[in-house]
Amino acid sequence: MNSLAQPAVPAASATGAPLLEVKDLSAWYAESRVLHGIGFELREGELLTLIGRNGAGKTTTLRSIVGLMQKRTGSIRFDGAETIARRPFQIARMGIGYCPEERGIFASLSVKENLFLPPVLRPGGLTDEQLYETFPNLKARANSPGTKLSGGEQQMLAIARILRTGAKLLLLDEPSEGLAPVVVKEIGEIIKRLKTQGFTIILVEQNLRFARLVADRHVVVENGAVVDTLTNEELAADMGRVKSYLGV
Ligand SMILES: Nc1ncnc2c1ncn2[C@@H]1O[C@H](COP(=O)(O)OP(=O)(O)OP(=O)(O)O)[C@@H](O)[C@H]1O
């Protein structure tokens, strides 16, 4: 039997409460306020995109959720617990994995060393076998140094790395950025597969075609606030609505 046929993550909670609730979230870089009361909810197993122009506050929202913004106010509830005052390592242990835009692959380490660097923080993560099944090209390149990987392979490695930790909410910052269309498609297939395995995902994305392929809902961020929320069907029916926010 395919070992990935079983969901890697437990089914939705019996209460039906959102897995993540962000309310009135503000955040600052030093004295500069960049988020102005962001709010949205995410149900278990859902895939949500944050879309918006450069500088809108999407990355800062992800950084706030994982506790990396020193000054943040409002409420971020994950799995029923308030996390706004928690430290990054505490939040990671609760089951949130962050894959930053810069990917963070260590050039001097092999693929395997990069993959096994983050500790397993809680049960429920993918086993080595499941990881290599999802990312066969990482298995083939297990002993290659990080420097020798293509952009797409680096992205896959960055995603694979957080799947071992036991995270059930994955925050992925622009995984399609700078990749050729064929590789973007491959990453899209992997993300769809992770969703069917039960992972809950927030994707920061500027590539609307890619976002449409994988997402359930889209939250549009402008000047550090949510200005619109659309289902994937609404986006498909009216791409102009979102393009006007993006200025494309
Ligand atoms: N380290 C930093 N110090 C000061 N200001 C920052 C820092 N990082 C981001 N900013 C500012 O915060 C605002 C929000 O940036 P953020 O990176 O969250 O936007 P974004 O929507 O993710 O856009 P992008 O796609 O360009 O990353 C921008 O005005 C940006 O210039």
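Note that this is a predicted model, so its numbers are computed, not measured.

Colleague: Any chance you could explain the overall build of the protein here in plain terms?
Modeller: Secondary structure assignment for the protein yields 10 helices and 10 strands. Computed over C-alpha atoms, the radius of gyration of the protein comes to 17 Å, within 12% of the 18 Å expected from 2.2 N^0.38 for 248 residues, which places it in the range of a compact globule. Each principal axis of the C-alpha distribution contributes one length, and for the protein these read about 45 × 40 × 35 Å. Looking at the protein residue by residue over its 248 residues, the buried ones come to 39%. Long-range contacts, defined here as pairs at least 24 residues apart, represent 71% of the contacts in the protein between residues at least 6 apart.

Colleague: Just to check I follow, could you spell out the site of the ligand for this structure?
Modeller: Around the ligand, the surrounding shell consists of Y29, S32, V34, G52, N54, G55, A56, G57, K58, T59 and T60. Those elements that provide at least two residues to the shell around the ligand are β2 (32–42) and α1 (58–65). A total of 3 residues in the shell around the ligand trace back to one element, the largest contributor, which is α1. Among the residues forming the shell around the ligand, the class breakdown is 3 nonpolar, 7 polar and 1 charged.

Colleague: What is the right way to look at the sheet that holds strand β1 (residues 20–29) in this model?
Modeller: Whenever strands of a sheet pair, they do so through backbone hydrogen bonds, lying parallel or antiparallel. Taken together, the 4 strands give an open sheet; going across it, the order is β2-β1-β4-β5, and neighbouring strands pair in antiparallel fashion. Each of the sheet's edge strands pairs with one partner strand only, and the pair in question is β2 and β5 (81–82). When β1 meets β2, the two strands line up antiparallel, connected through 8 bridges. Bridge pairing in β2 links V22 to F40. Lying over the sheet, α1 contacts β1, β2 and β4 (71–78), oriented at roughly 70° with respect to β2.

Colleague: Explanation requested: the UniProt feature "domain: ABC transporter" (unreviewed entry) in the protein in the structure shown.
Modeller: Sites flagged by UniProt as "domain: ABC transporter" (unreviewed entry) map to residues 20–248. Annotated as 36% helix and 28% strand, the span residues 20–248 places its first and last C-alpha atoms 30 Å apart.

Colleague: Can you help me understand the pairing of strand β9 (residues 217–222) in this one?
Modeller: Across a regular strand the side chains alternate sides, sitting on one face of the sheet and then on the other. Examined bridge by bridge, strand β3 (residues 47–51) and β9 share 4 bridges and lie parallel to one another. Bridge pairing in β9 places T49 opposite H218. Bridging between β9 and strand β10 (residues 225–231) involves 6 bridges; their strand directions are antiparallel. Counted as the bridge partner of R217 is T231 from β10.

Colleague: I tried to follow the confidence of the model for the protein on my own but got confused; where do I start?
Modeller: When pLDDT is low, close inspection of the predicted coordinates is not appropriate. On average, residues of the protein score 90 in pLDDT, and 94% of them reach the 70 mark or higher. Taken together, the stretch residues 1–7 has pLDDT below 50 and engages in 9 contacts with residues farther than four places along the chain or on a different chain. In this model, residues 10–14 is a region of pLDDT below 50 whose contacts with residues beyond four sequence positions or in other chains number 6 contacts. If you check the scores for this complex, the pTM reads 0.91 and the ipTM reads 0.96.

Colleague: What is the right way to look at the packing of helix α6 (residues 151–163) against helix α7 (residues 181–196) in this model?
Modeller: The description of two helices packed together rests on the angle between their axes and the distance between the axes. Between α6 and α7, the shortest axis-to-axis distance is 10 Å and the interhelical angle comes to 15°. Classified by the angle between their axes, α6 and α7 sit roughly parallel to one another. Between α6 and α7 the crossing geometry is right-handed. Between α6 and α7, the contacting residues are G152, Q155, M156 and I159 on the first element and V183, E186, I187 and I190 on the second. Partitioning the contact of α6 with α7 into residue classes produces 5 nonpolar, 2 polar and 1 charged.

Colleague: Before we go on, may I ask you to explain the nonpolar core in this structure?
Modeller: Side chains of a nonpolar character, in soluble globular proteins, are inclined to be buried together. Counting 60 residues, the largest nonpolar core has I96, L170, L171 and I201 as the members making the most contacts within it. For this core, the element with the highest residue contribution is α6, accounting for 7 residues. Filtering out sequence-adjacent residues up to four positions away, I201 remains in contact with L47, L170, L172, I191, L194 and K195.

Colleague: Please clarify how the sheet that holds β10 should be interpreted in this entry.
Modeller: Reading across from one edge, β6-β7-β8-β3-β9-β10 is the order of the 6 strands in this open sheet, with mixed pairing throughout. Two strands close off the open sheet at either side, each with one partner strand: β6 (96–99) and β10. The average undirected angle you get between the axes of adjacent strands in this sheet is 20°. As defined by bridge partners, β6 adjoins strand β7 (residues 169–173) across 4 bridges and the pair is classed as parallel. Note on β7: the bridge partner recorded for Y98 is L171.

Procedures and definitions
- Residues numbered from 1 in each chain as written.
- Predicted model: local features only at pLDDT ≥ 70, side-chain atom pairs only at ≥ 80, totals over all residues.
- Helix = DSSP H or I, 4+ residues; strand = E, 2+ residues; numbered from the N terminus.
- Rg over C-alpha atoms; globule rule 2.2 N^0.38 Å.
- Buried ≥ 20, exposed ≤ 12 C-beta atoms within 10 Å, placed from the backbone.
- Contact = placed C-beta atoms within 7 Å.
- Near = placed C-beta within 6 Å.
- Nonpolar A, V, L, I, M, F, W, Y, C, P; charged D, E, K, R; others polar.
- Pairing = 2+ DSSP bridges.
- Axes fitted to C-alpha atoms, helices over the stretch in contact; angles between N-to-C directions.
- UniProt positions renumbered as here; feature names shortened; annotations may be inferred.
- pLDDT = per-residue confidence, 0-100.
- Parallel < 35°, antiparallel > 145°, perpendicular 65-115°, else oblique.
- Left-handed = near helix turned anticlockwise from the far one by under 90°.
- Core = buried A, V, L, I, M, F, W, Y, C linked by C-beta atoms within 7 Å.

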